[in-house]
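Next come the chains, spelled out residue by residue.
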Amino acid sequence: MYKVKVYVTLRENVLDPQGNAVKGALHSLSYHEVQDVRIGKFMELTVEKSDRDIDALVKDMCEKLLANTVIEDYRYEIEEVVVQ
Amino acid sequence: MKFAVIVFPGSNCDVDMYHAIADELREDVEYVWHDVESLDEFDAILLPGGFSYGDYLRSGAIARFSNVMKAIKKAADEGKPILGVCNGFQILLEAGLLPGAMRRNHTLTFICRPVKLRVENNETMFTSQYERGEIITIPIAHGEGNYYCDEHTLQQLIANNQIVFRYEGENPNGSLQNIAGIVNEKGNVLGMMPHPERAVHDLLGGADGLKMFQSIVTYWRDAHVVTT
């Protein structure tokens, strides 16, 4: 069994209105050190082992559905877990 | 002429779309549930607004994997008119039938009010009844209508005259180049954020949307009805 963590964020050159609003709020709380805020999505997938390559599988899922690569970047971490 | 109004779980402008065709345009129209395999019996396909699949993940992201999307791709390849409004536009983008993607409105608010549009291209099967440069008033109702595409795609859209509608005056959502509606390269798939089906009678506040549906019928009659 695998635990897969997928992170999806807006691409760097795409304006993030939510992130900007949160940055403004942080500044108003006097956290002036904050340079930039990017808001994204975090997805945790539990994936059964099969004869298919897990890395290729997750990449495929990201490209096809989990991220819209026109405006979003994605990265993921795969962790193998032992079922108790 | 026979129109299909595709209904997804969460569509909510399907009834307005049906009303526009049946009662104002007075053409045949049917609701079509999202799991059908074939749309061969229809002459034009309408994807209505709403929140298909609750807008989960991204607007239109889940709907694009519906069974009916294969039939919609086939209809697109056959050159049939396909109109996606609001969530329908978002689905067409997610499905890759139109280029680009939607971001949250730059105001971060859901905006629901009439806006002014400029008809940039009246040489499409959807806009032939408008004048080029005509300013029309059509309502918008969306939280994610902030159109985006990369520079290369934008240049293609401009070069091929694929930008059909632009917001006139104030841009309500921050969309690139004030884009409100685009058509595919072939010219038979149109996506737009404003709702023409909500502007088909003076009682609704205006009838500027009716010409869009009349354009589709005119195109179809010219192509299919032989006059003697």
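Residues numbered from 1 in each chain as written. Chains lettered and ligands numbered in written order. Predicted model: local features only at pLDDT ≥ 70, side-chain atom pairs only at ≥ 80, totals over all residues. Heavy atoms only, no water.

The name given to chain B in an unreviewed UniProt entry is Phosphoribosylformylglycinamidine synthase subunit PurQ, with the source organism recorded as Anoxybacillus pushchinoensis. Heading Pathway (unreviewed entry) of the UniProt record for chain B holds this comment: "Purine metabolism; IMP biosynthesis via de novo pathway; 5-amino-1-(5-phospho-D-ribosyl)imidazole from N(2)-formyl-N(1)-(5-phospho-D-ribosyl)glycinamide: step 1/2." Under the heading Subcellular location (unreviewed entry), UniProt records this for chain B: "Cytoplasm". (UniProt positions renumbered as here; feature names shortened; annotations may be inferred.)

Per an unreviewed UniProt entry, chain A is named Phosphoribosylformylglycinamidine synthase subunit PurS, and its organism is Anoxybacillus flavithermus. Recorded in UniProt for chain A, the comment headed Subcellular location (unreviewed entry) runs: "Cytoplasm". Reading the Pathway (unreviewed entry) entry of the UniProt record for chain A gives the comment "Purine metabolism; IMP biosynthesis via de novo pathway; 5-amino-1-(5-phospho-D-ribosyl)imidazole from N(2)-formyl-N(1)-(5-phospho-D-ribosyl)glycinamide: step 1/2."

Contacts between the two partners involve 16 residues from chain A and, on the opposite side, 15 residues from chain B. Across the chain A to chain B interface the summed buried area is about 1300 Å²; carbon plus sulfur atoms make up 65%. Taken as a group, Pro17(A), Leu65(A) and Ile71(A) account for 35% of the area that chain A buries against chain B, more than any other trio of residues on that side. Two residues, Glu72(A) and Arg58(B), come together in a salt bridge whose shortest N-O distance is 3.7 Å. Scanning the region where chain A abuts chain B turns up five residue pairs in polar contact (both at pLDDT 80 or more). (Contact = heavy atoms within 4.5 Å. Buried area = accessible area lost by both parts, 1.4 Å probe. Salt bridge = Lys/Arg side-chain N within 4 Å of Asp/Glu carboxyl O. Polar contact = N/O pair within 3.5 Å; in protein donor to acceptor, adjacent residues only side chain to side chain.)

Take the sheet that holds strand E4 (residues 82-85) of chain B next. Residues and elements named next belong to chain B. If you walk across this open sheet you meet the nine strands as E2-E1-E3-E4-E11-E10-E9-E6-E7, and the pairing is mixed. Because the sheet does not close on itself, it has two edges, and the strands there are strand E2 (28-33) and strand E7 (135-142). If you compare each strand with its neighbour and ignore which way they point, the axes differ by 25° on average. Examined bridge by bridge, E4 and strand E11 (residues 189-192) share four bridges and lie parallel to one another. Note that in E11 the partner of Leu83 across the bridge is Leu190. Helix-sheet contacts for helix H3 (residues 87-94) involve strand E3 (44-47), E4, strand E10 (179-183) and E11, and the interaxial angle to E4 is about 115°. (Pairing = 2+ DSSP bridges. Helix = DSSP H or I, 4+ residues; strand = E, 2+ residues; numbered from the N terminus. Axes fitted to C-alpha atoms, helices over the stretch in contact; angles between N-to-C directions.)

For the rest of this paragraph, the subject is the packing of aromatic side chains. All names here are of chain A. Scanning the entire structure with this criterion turns up six aromatic pairs over all chains. Here the aromatic rings of Tyr7 and Phe42 are separated by 5.2 Å at their centres, their planes lie at 40°, and the arrangement is tilted. One end of the pair, Tyr7, is in strand E1 (residues 2-10); the other, Phe42, is in strand E2 (residues 40-47), with 35 residues separating them in the sequence. Owing to a relative accessible area of 47%, Phe42 belongs among the partly exposed residues under this scheme. A cation over an aromatic ring shows up here: Arg75 above the ring of Tyr7, its NZ or CZ 4.2 Å from the ring centre. (Phe/Tyr/Trp six-rings, centres within 6.5 Å; stacked < 30°, edge-to-face > 60°. Buried < 20%, exposed > 50% of the residue type's maximum accessible area, 1.4 Å probe, protein only. Lys NZ or Arg CZ within 6 Å of the ring centre and 35° of its normal.)

Another point: the pattern of salt bridges. Note on pairing: side chains with opposite charge can pair once their charged atoms come close. Scanning the model with the defined rule gives 17 salt bridges over all chains in all. Here Arg11(A) makes a salt bridge to Asp73(A), at a shortest N to O gap of 3.4 Å. Taken together, the positions of Arg11(A) in the loop between E1 and helix H1 (17-28) and Asp73(A) in strand E3 (residues 72-80) put the pair 62 residues apart, joining distant regions of the chain. Salt bridges sharing partners connect three or more residues here, namely Lys41(A), Glu72(A), Arg58(B) and Glu94(B).

This brings us to the UniProt feature "active site" (unreviewed entry) in chain B. Residue and element names in this part refer to chain B. As annotated in UniProt, the feature "active site" (unreviewed entry) corresponds to Cys86, His195 and Glu197 in the numbering used here. Spanning 112 residues, the annotated positions come together in the fold, the maximum distance between their C-alpha atoms being 11.0 Å. Here, the second largest pocket is lined by Cys86 and His195 out of the annotated residues. As for its position among the elements, Cys86 is in the loop between E4 and H3. In this structure, Cys86 is in contact with Gly49, Ala141, His142, Met192, Met193 and His195, ignoring residues within four places of it in sequence. Under the relative-accessibility criterion, His195 is labelled buried at 0%. (1 Å grid on protein atoms, 1.4 Å probe; cavity = no way out; pocket = protein on both sides within 12 Å on 5 of 7 lines; lining within 4 Å.)

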